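Notes for the structure review
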Amino acid sequence: MNPKSLSTSMLCRSVRKLACAGVLVYALTLVAAGTAQAQTFQLIHSFATGGAGGTNPVAGLTLDPAGNLYGTTTEGGFGGSGTVFRLSHKGSGWVLNVLHSFTGGSDGGEPNAGLIFDRAGNLYGTTTEGGELNCGGIYPGGCGTVFELQPPPTPCTAEPCPWRETVLHVFIGGNDGAFPVSGDLVFDQAGNLYGTTQAGGLPSGGNFGSGTVFELSPSGSGWTESVLYKFTESSDGGAPDAGVIFDRAGNLYGTTTVGGAPDCAPVPGCGTVFKLSPSGSGWAESVLYSFTAGTDGWSPIAGLVFDQSGKLYGAAAFGGESGGGTVFQLTPSNGSWTLETLHSFTGEFGPHDNLVIDGEGNLYGATPSDSHDAGSVFELMPNGNGGWTYTLLHEFLCDPFCMDGAGPYGRVIFDTNGNLYGTAQYDGPLVDVGRGVTNGVVWEITP
């Protein structure tokens with residue numbers, strides 16, 4: 001499978017159900033890239049088509065204190081609609097255990113986002129589909145869910161070891177939102193959950209709405225949803241793909257893939273960076289930056305991350321000087337924010353998930369398809385002269401087969417030893433011995 005021929009389908013999966021048609025009108029060109037820094041790259045798991053472990057992992061991974069990796073697949077599993085899995089060390093290798101298989105019904109289906117832990121060790125995430133299958137009479141596959149997975153009360157002595165799923169909220173496609181796509185959830189100090197939906201926010205009917213920011217609060221034996229903001233796809237933005245993050249004052253920050261400056265083409269607005277602040281009994285939105293499709297890029301599908309000084313970092317999936325997306329920095333000053341483009345990628349498109357920042361202020365991320373054929377893993381390091389140095393840590397190549405995998409859409413993570421982990425949505429070894437044709441991988445880069 002060659003990602004160059006899959007640009008459209010891969011892009012549709014990343015921009016998902018609503019923004020795809022507008023985004024695809026923008027043509028991009030493949031350009032050659034630099035050389036890779038010496039790293040040790042290895043596959044630690046490949047997903048077999050038709051297997052119980054699922055296929056096509058889009059989201060990044062989550063690490064527990066014991067060094068186990070947790071993630072989701074969008075397809076496959078016993079229920080056919082994706083899985084939640086754990087990878088645990090066993091000897092010199094890794095063993096996969098499926099914690100839950102989605103059916104696409106009331107329990108949800110097609111989880112595109114990553115997972116988070118609460119303090120008790122329970123996992124939380126979202127599914128893009130499933131739940132209430134009517135979905136406001138607009139989409140028969142369901143508008144998605146928010147779920148919790150609880151480990152067994154006593155440790156398992158054998159695999160598989162399923163966890164108990166509880167659906168905390170079912171989106172119905174009206175005022176409450178629809179399609180929580182890729183953004184990971186986030187907890188506040190009181191134990192409330194926050195996230196985004198790419199659509200919904202208006203009553204069911206002809207106009208589906210342009211997405212929401214929502215809160216889920218524990219209430220008795222259940223959870224209560226509150227919609228904090230409904231996007232209009234005007235100057236305020238629309239169709240958020242990523243989740244939100246908190247600052248120390250309790251404000252929320254995020255990105256939208258469309259909306260913003262009204263004269264920006266090729267989509268209805270090129271996206272925004274926004275802030276939500278508690279205001280009386282509600283939340284007030286302010287737009288920190290509207291993308292212009294110039295050197296700043298357009299359509300920030302990825303979310304944001306703060307550094308220790310309060311600067312924000314993120315990525316635009318398209319545009320920039322080299323056409324393949326950008327990494328940007330937003331610096332606050334006297335109530336306003338100034339954007340600086342740190343790097344412009346060549347090729348098809350840039351990062352689709354949040355960057356990671358280490359203690360030295362270096363940035364790490366992945367591009368799902370660029371001048372390196374099937375994507376790349378990279379580092380950006382401040383060079384001390386006001387600029388940033390780009391280092392290619394690994395390139396996913398298809399020559400002609402994508403043996404390392406293809407399409408690393410999710411975020412990357414570090415363990416305590418400085419090893420880097422992530423997923424690639426497609427391909428891998430042609431045949432995983434004993435399990436069949438592969439479709440997606442989990443990888444590790446050791447410095």
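Residues numbered from 1 in each chain as written. Predicted model: local features only at pLDDT ≥ 70, side-chain atom pairs only at ≥ 80, totals over all residues. Heavy atoms only, no water.

**Brief notes about the overall build of the protein**
When helices and strands are tallied, the protein shows one helix and 29 strands. Residues classed as buried in the protein amount to 59% of the 447 residues present. Sequence-distant contacts in the protein: of pairs separated by 6 or more residues, those separated by 24 or more amount to 50%. For the protein, the computed accessible surface area is about 16800 Å², with 52% contributed by carbon and sulfur atoms. (Helix = DSSP H or I, 4+ residues; strand = E, 2+ residues; numbered from the N terminus. Buried < 20%, exposed > 50% of the residue type's maximum accessible area, 1.4 Å probe, protein only. Contact = heavy atoms within 4.5 Å. Areas by Shrake-Rupley, 256 points an atom, 1.4 Å probe, with all protein chains shown as cover.)

**A few points about the sheet that holds strand β25 (residues 388-395)**
Ordered by their spatial adjacency, four strands build an open sheet running β22-β23-β24-β25, and the pairing between neighbours is antiparallel. Strands at the two margins of the open sheet, each flanked by one partner only, are β22 (356-357) and β25. Sheet topology places strand β23 (residues 363-367) next to strand β24 (residues 376-382); five bridges connect them, and they run antiparallel. In the strand pairing of β24, Leu363 is matched with Leu380. (Pairing = 2+ DSSP bridges.)

**Focus: a nonpolar patch on the surface**
On the surface, Phe401, Met403 and Leu430 cluster together into a nonpolar patch covering about 280 Å² of accessible area. Structurally, the position occupied by Leu430 is in the loop between β27 (420-424) and β28 (431-432). What makes Leu430 partly exposed here is its relative accessible area of 44%. (Patch = residues over 30% accessible without salt bridge, like charges linked within 9 Å, V, L, I, M, F, W, Y side chains within 5 Å. Salt bridge = Lys/Arg side-chain N within 4 Å of Asp/Glu carboxyl O.)

Honestly, that's just the spatial picture; any functional story needs more than this.
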